[in-house]
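Below, each chain spelled out in residue letters.
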2 protein chains.
Amino acid sequence: MGKTRERWLVDGMDEYLKRLSPHVLFECAWYKDQSALEEALKKESHCILLDPQGKMMGSVDFTDWLFSEIEKAGSRLSIAIGGPDGFSESIKQGKSLLSFSRMTFTHQLTRLVLLEQLFRAFEIRKGSGYHR
Amino acid sequence: MGKTRERWLVDGMDEYLKRLSPHVLFECAWYKDQSALEEALKKESHCILLDPQGKMMGSVDFTDWLFSEIEKAGSRLSIAIGGPDGFSESIKQGKSLLSFSRMTFTHQLTRLVLLEQLFRAFEIRKGSGYHR
């Protein structure tokens, strides 16, 4: 929800999007509020929701889990960052829920952390030295 | 460990340091490796360690906990971010351990997340609308 405006966050996100670009075609979409986001999600066939009730896991387990989700999803997987109160019960039905932290981060920081974890997952999968 | 070099991270940290400045005198120190960091910590009287074995909590509980640590610490509280493997057992003796996530973040992102959580804690304490 809400476009990223702070220059430093845009630059940080661009850095990870650039690093992800050899691995994956990544698209970001912004919605003006939670209900617009949830409306858009109804059209997505396979979707991970970042939600306070989501599963927490270490980066290596996340990597295994992410790639199994990618496999299940086929060609297109969506990952959605909701508001601080999380998603409505109806939208959560049958979706995979993920949580990075028991703490609340700003949406903006969550975007950055998500992109870094996605990049980290690809590096773990490759067996590079990025994650140790 | 290691100075922050990426421009966007320096700018992001500066943003939160600026926002924290009315509340607290904040100093950052960098060390070249884990042992130099642990050596420096021996001189600190009261210290919170960010460690994979640390306690995880929500932002409101973190706020209460942080302010009780500040009170115990008197005038000076240190918070240290260790390497991905955490701190040595000997340095952890009697220290408070904190963890943001079961996931591994880069040191750099952890700095940013820490500053945002500290700022959030001061805002929660003030009762402002920042955290909801």
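Cut-off values and rules
- Residues numbered from 1 in each chain as written.
- Chains lettered and ligands numbered in written order.
- Predicted model: local features only at pLDDT ≥ 70, side-chain atom pairs only at ≥ 80, totals over all residues.
- Heavy atoms only, no water.
- Phe/Tyr/Trp six-rings, centres within 6.5 Å; stacked < 30°, edge-to-face > 60°.
- Helix = DSSP H or I, 4+ residues; strand = E, 2+ residues; numbered from the N terminus.
- Buried < 20%, exposed > 50% of the residue type's maximum accessible area, 1.4 Å probe, protein only.
- Lys NZ or Arg CZ within 6 Å of the ring centre and 35° of its normal.
- pLDDT = per-residue confidence, 0-100.
- Core = buried A, V, L, I, M, F, W, Y, C linked by side-chain atoms within 4.5 Å.
- Contact = heavy atoms within 4.5 Å.
- Expected span 1.5 Å × (residues − 1).
- Arc of directions from axis to C-beta.
- Pairing = 2+ DSSP bridges.
- Axes fitted to C-alpha atoms, helices over the stretch in contact; angles between N-to-C directions.
- Salt bridge = Lys/Arg side-chain N within 4 Å of Asp/Glu carboxyl O.
- Least-squares fit on C-alpha atoms with pLDDT ≥ 70 in both.

Undergrad: What exactly am I supposed to notice about the packing of aromatic side chains here?
TA: For any pair of aromatic rings, geometry is given as the distance between the ring centres together with the angle between the planes. Scanning the entire structure with this criterion turns up 10 aromatic pairs over all chains. Centre to centre, the rings of Phe-119 of chain A and Tyr-130 of chain A are 4.9 Å apart; their planes meet at 75 degrees, and the pair counts as edge-to-face. Of this pair, Phe-119 of chain A sits in helix H5 (residues 107-126) while Tyr-130 of chain A is found in the segment after H5, placing the two residues 11 residues apart along the sequence. In this structure Tyr-130 of chain A comes out as partly exposed when scored by relative accessible area, which is 26%. Members of the aromatic cluster, joined through ring pairs, are Trp-8 of chain A together with Tyr-16, Phe-119 and Tyr-130 of chain B. Looking at Arg-125 of chain A, its charged tip hangs above the ring of Phe-67 of chain A, at a distance of 4.2 Å from the centre.

Undergrad: Got a minute to help me understand the confidence of the model for chain A in this structure?
TA: Low-pLDDT portions of the prediction should not be read for the details of their coordinates. For chain A, per-residue confidence averages 92 on the pLDDT scale, and 100% of positions sit at 70 or higher. Taken over the whole predicted complex, pTM reads 0.92, whereas the ipTM for its chain interfaces reads 0.89.

Undergrad: Honestly, the nonpolar core in this entry has me stumped. Any pointers?
TA: Side chains of a nonpolar character, in soluble globular proteins, are inclined to be buried together. Residues Phe-62, Leu-98 and Leu-112 of chain A together with Phe-62, Leu-98 and Leu-112 of chain B are the most contacted members of the largest nonpolar core, which totals 52 residues. When residues of this core are traced back to their parent elements, those giving at least two are helix H1 (7-20), strand E1 (47-55), helix H3 (59-73) and H5 of chain A together with helix H1 (7-20), strand E1 (47-55), helix H3 (59-73) and helix H5 (107-126) of chain B. For Leu-112 of chain B, the residues in contact, after removing those within four places along its chain, are Trp-8, Leu-109 and Leu-112 of chain A together with Leu-9, Gly-12, Met-13 and Tyr-16 of chain B.

Undergrad: Can you help me understand H1 of chain B in this one?
TA: Within an α-helix, residues lying three or four positions from one another point in the same direction, as the helix has 3.6 residues per turn. For H1 of chain B, spanning 14 residues, the distance from its first C-alpha to its last is 20 Å, which sits close to the expected 20 Å at 1.5 Å a residue. Listed in full, the buried residues belonging to H1 of chain B are Trp-8, Leu-9, Gly-12, Met-13, Tyr-16 and Leu-20 of chain B. The buried residues of H1 of chain B occupy an angular sector of 130 degrees when the element is viewed end-on, so they sit on one face. With respect to the buried face of H1 of chain B, the exposed residues turned more than 90 degrees away are Arg-7 and Lys-18 of chain B. Of the surrounding elements, those touching the buried residues of H1 of chain B are H1 and H5 of chain A together with H5 of chain B.

Undergrad: In this structure, what is going on with the sheet that holds strand E2 (residues 78-81) of chain A? I would like to understand it.
TA: Residues and elements named next belong to chain A. With parallel pairing, three strands are arranged side by side in an open sheet as E2-E1-E3. Of all the strands in the sheet, the pair left with one neighbour each is E2 and strand E3 (96-98). Mean inter-strand twist for the sheet, computed between neighbouring axes without regard to direction, equals 45 degrees. Strand direction decides the pairing type here: E1 and E3, joined by four bridges, are parallel. What sits directly across from Leu-50, in E3, is Leu-98. Along the sheet face, H5 touches E1 and E2 and points at about 150 degrees away from the line of E2.

Undergrad: How should I be thinking about the pattern of salt bridges in this particular structure?
TA: Any two side chains of opposite charge can pair, so long as their charged atoms come close to each other. Residues and elements named next belong to chain A. Counted by the stated rule, this structure contains 18 salt bridges over all chains. Glu-39 is the salt-bridge partner of Lys-42, the closest N and O atoms lying 3.2 Å from each other. Given the relative accessible area of 58%, Lys-42 is considered exposed. Across the pair Lys-92 and Glu-89 runs a salt bridge, and its minimum N-O distance is 3.4 Å. Here Glu-89 and Lys-92 lie together in helix H4 (residues 89-92), a separation of three residues that amounts to about one turn. Look at Lys-92 and you get buried, because its relative accessible area is 9%. For Glu-89, a relative accessible area of 53% gives the class exposed. Here the residues in one salt-bridge network are Asp-51, Glu-89 and Lys-92, joined through shared partners.

Undergrad: Teacher, can you tell me more about the sheet that holds E1 of chain B here?
TA: Consider a sheet: its strands pair through backbone hydrogen bonds, and that pairing is either parallel or antiparallel. Residues and elements named next belong to chain B. The parallel open sheet is built from three strands, whose spatial order is E2-E1-E3. Lying at the two open borders of the sheet, with one neighbouring strand each, are strand E2 (78-81) and strand E3 (96-98). Taking each pair of neighbouring strands and ignoring which way they run, the sheet shows an average axis angle of 45 degrees. In the packing of H5 onto the sheet, contacts are made with E1 and E2, and the angle to E2 comes to roughly 150 degrees.

Undergrad: Sorry, what's going on with the relation of the copies chain A and chain B here?
TA: Think of it as a corkscrew move, a rotation about one axis and a shift along it, taking one chain copy to the other. Superposing chain A onto chain B takes a rotation of 180 degrees plus a shift of 0.0 Å along the axis, which leaves an RMSD of 0.0 Å. This pairing of chains is accounted for by a two-fold axis. Taken as a fraction of all interface residues of chain A, those also at the interface in chain B reach 100%, which identifies the copy contact as same-surface.

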